[in-house]
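A look at the structure
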Amino acid sequence: MKKRFMLAAVISGVVISVLSAQQSIETVLRKFDGAISQAAIPKAHVSIGFISYAETDTSGTVVPWMQSEIKKAAAKMRHINLIQSKTLMPQEQTGIATRGASFGKQRTIAAKDRKYILTGRYYENKSAGVVELTLELSSTDGKLLASETATILMTEISDRNLTLYPENLVQAEAIKEEFTQAAAEVQSAPPAAAKSGTIDITAVMLDPENNLVDILYPGDTVKFLVSTDKDAYIAIIGIDAKGNQYSLPVKDNFLKADMPRTFPDDDVDYQVVDGVFGSEHLFIFAASTPEGLPKPVSEGAYQPNTVLNAARGMVAVAKRKKLETGVFVIPYTVMKK
């Protein structure tokens, strides 16, 4: 989707896994409440994280409804206290946003200070006429506390005119497959010298109040918190729901190691202003010198292998110049209000 950049101030234990085909979201939350109690946790401070369709990292309009149902159920629980993600440390936010992947150095958190994240994936079971929503409750330092599966009748979803995934699912799946291959090639590239290697990137998309977000609506403004484990230069390239690609303007693209920075930087907000809906992606490329970065893209149609070729170009330069490189993706979905 075409973007408009507006001048604005930027605000700056116990594991239970029971698969049940016949339990509601509220039943799942009650079991989570029991798991928290069994773990001798008086009150778990829980943030609702990302819920996505299967392994695609995309969302349908059913997700905001699911999140609403989770909030209603959580309000009835004794040991669950819902919190906003902005109360989490930046590293905890990035860990959540990577949907279970662990990046960077993990710090030990005392039990009394530990916070929790509730994430989920849902799958359509056409033969049974249901959607199976698997929810996981984990601490923000990566320890799974409980996992349960709720069942939702497809009729309940269709009666509400909700969708399971965006219309451009095929494009989203192709881009994810390409990114997975690109990341693997960057990670496995043989070092040309001792100083060659991989830069680990962590990044999240935040709303103006610094809450994690992966569903946007027209008029929303967002920013991106990016950090690298080594000194690095970055470039950010986006692909919208229609397959148009663009470069995100960056004023100062140098990052010091382990010092998160917010982008766009030059006193601008990133706002959704067009009518393009569906799954979209932002790719963050990092290199230890500017010449290792892919060149900015002019607005135009996304071509297959765009991300893969950019990563391969970085690897080629790294082999010649003894650079370190990395690549990261932020997937999100734009929906109608």
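Residues numbered from 1 in each chain as written. Predicted model: local features only at pLDDT ≥ 70, side-chain atom pairs only at ≥ 80, totals over all residues. Heavy atoms only, no water.

Quick word on the overall build of the chain
Operational definition: Per the convention used, a helix needs a DSSP run of H or I reaching at least four residues, while a strand needs a run of E reaching at least two, with both numbered from the N terminus. Working definition: with a 1.4 Å probe on protein chains only, accessible area under 20% of the residue-type maximum means buried, over 50% means exposed, and in between means partly exposed. Areas reported as accessible are Shrake-Rupley estimates using a 1.4 Å probe. Residue values count occlusion only from the protein chains shown.
Summing up its helical and strand segments, the chain has six helices and 19 strands in all. Residues classed as buried in the chain amount to 50% of the 337 residues present. Entry remark: accessible area of the chain is about 15,900 Å², with carbon and sulfur atoms responsible for 53%.

Regarding the confidence of the model for the chain
The criterion, for reference: Here pLDDT means the predictor's own confidence in every residue, given as a number from 0 to 100. Contacts between residues were defined by any pair of non-hydrogen atoms, one from each residue, lying within 4.5 Å.
With 85% of its residues at a pLDDT of 70 or more, the chain shows a mean pLDDT of 84. Mean pLDDT across the secondary structure elements of the chain bottoms out at strand β1 (residues 4–7), with 37, and peaks at helix α2 (residues 62–74), with 98. Here residues 1–21 scores under 50 on pLDDT; set against residues more than four positions off or in separate chains, the count is 70 contacts. Counting contacts from residues 99–107, a segment whose pLDDT is below 50, to residues more than four positions away or on other chains yields 21 contacts.

Looking at the nonpolar core
For the record, the criterion: By nonpolar core is meant a set of buried Ala, Val, Leu, Ile, Met, Phe, Trp, Tyr and Cys residues that side-chain atoms within 4.5 Å join together.
Core analysis: the largest hydrophobic core is formed by 38 residues, its most contacted members being Leu29, Val62, Met66 and Tyr122. Counting only elements with at least two residues in this core, the list comes to α1 (25–38), β3 (44–53), α2, β5 (116–125), β6 (130–139) and β7 (144–153). Core analysis: the next-biggest nonpolar cluster, separate from the first, contains 25 residues, Val213, Ile236, Tyr270 and Leu282 among them.

A short note on the pattern of salt bridges
Here is the rule we go by: Counted as salt bridges are all cases of a side-chain nitrogen of Lys or Arg within 4 Å of a carboxyl oxygen of Asp or Glu.
Taken as a whole and assessed by the stated rule, the structure comprises 13 salt bridges. For glutamate 185, the salt bridge is made with arginine 312, and the minimal N-O distance between the two is 2.9 Å. Residue glutamate 185 is found in helix α5 (residues 169–188), and its partner arginine 312 is found in helix α6 (residues 306–321); the two are separated by 127 residues along the sequence. Accessibility expressed as a relative area gives 37% for arginine 312, which makes it partly exposed. Salt-bridge contacts for lysine 230 lead to glutamate 324; the nearest nitrogen and oxygen are separated by 2.9 Å. One end of the pair, lysine 230, is in the loop between β11 (221–228) and β12 (232–239); the other, glutamate 324, is in strand β19 (residues 324–334), and 94 residues separate them in sequence. With relative accessibility at 19%, the residue glutamate 324 sits in the buried group.

As for the packing of aromatic side chains
The test is simple: Stacked, tilted and edge-to-face pairs are distinguished by plane angle, under 30 degrees for stacked and over 60 for edge-to-face with tilted covering the rest, among Phe, Tyr and Trp rings (Trp via its six-membered ring) whose centres lie within 6.5 Å.
Counted according to the given criterion, the structure contains five aromatic pairs. Seen in terms of ring centroids, tyrosine 233 and phenylalanine 254 are 5.0 Å apart; in terms of plane orientation they differ by 50°. Their pairing is tilted. On the criterion of sequence distance, the pair formed by tyrosine 233 in strand β12 and phenylalanine 254 in strand β14 (residues 254–255) is long-range, its members being 21 residues apart. Taking the relative accessible area as the measure of exposure, tyrosine 233 reaches 24% and is therefore partly exposed. Among the aromatic residues, those joined into a cluster by ring pairs are Tyr53, Tyr122 and Tyr165.

Quick word on the packing of α1 against α2
Note the cut-off: The axes used here are C-alpha line fits, helices contributing only the stretch in contact, and every angle between their N-to-C directions lies in the interval 0 to 180 degrees. In what follows, roughly perpendicular refers to angles from 65 to 115 degrees, roughly parallel to angles under 35, roughly antiparallel to angles over 145, and oblique to any angle outside these ranges. Each crossing gets its handedness from the near helix: less than a right angle anticlockwise from the far helix is left-handed, clockwise is right-handed. We call Asp, Glu, Lys and Arg charged. Ala, Val, Leu, Ile, Met, Phe, Trp, Tyr, Cys and Pro are nonpolar, and the rest, Gly among them, are polar.
Look at α1 against α2: their axes get within 9 Å of each other, and the N-to-C directions meet at 50°. In terms of orientation, α1 lies oblique with respect to α2. The two elements α1 and α2 meet at a crossing, and its hand is right-handed. Along the contact surface, α1 presents Ile25, Glu26 and Leu29, while α2 presents Met66, Glu69, Ile70, Ala73 and Ala74. Its residues placed into classes, the contact of α1 with α2 shows six nonpolar, no polar and two charged.

Topic: the packing of α5 against α6
Where α5 meets α6, the axes come as close as 8 Å, and the angle between the chain directions of the two elements is 10°. It follows from the interaxial angle that α5 and α6 lie roughly parallel. When α5 is examined against α6, the residues Glu178, Gln181, Ala182, Glu185 and Val186 are found in contact with a partner set consisting of Thr306, Val307, Leu308, Ala311, Arg312 and Val315. Here the residues of the contact of α5 with α6 are counted per class, giving six nonpolar, two polar and three charged.

Considerations on the pairing of β11
We count it as follows: Here, a strand pair is defined by DSSP locating no fewer than two bridges between the strands.
In terms of burial, β11 is largely enclosed, as seven of its eight residues are buried. As defined by bridge partners, β11 adjoins strand β15 (residues 261–263) across three bridges and the pair is classed as antiparallel. By the bridge assignment for β15, leucine 225 is matched with threonine 262.

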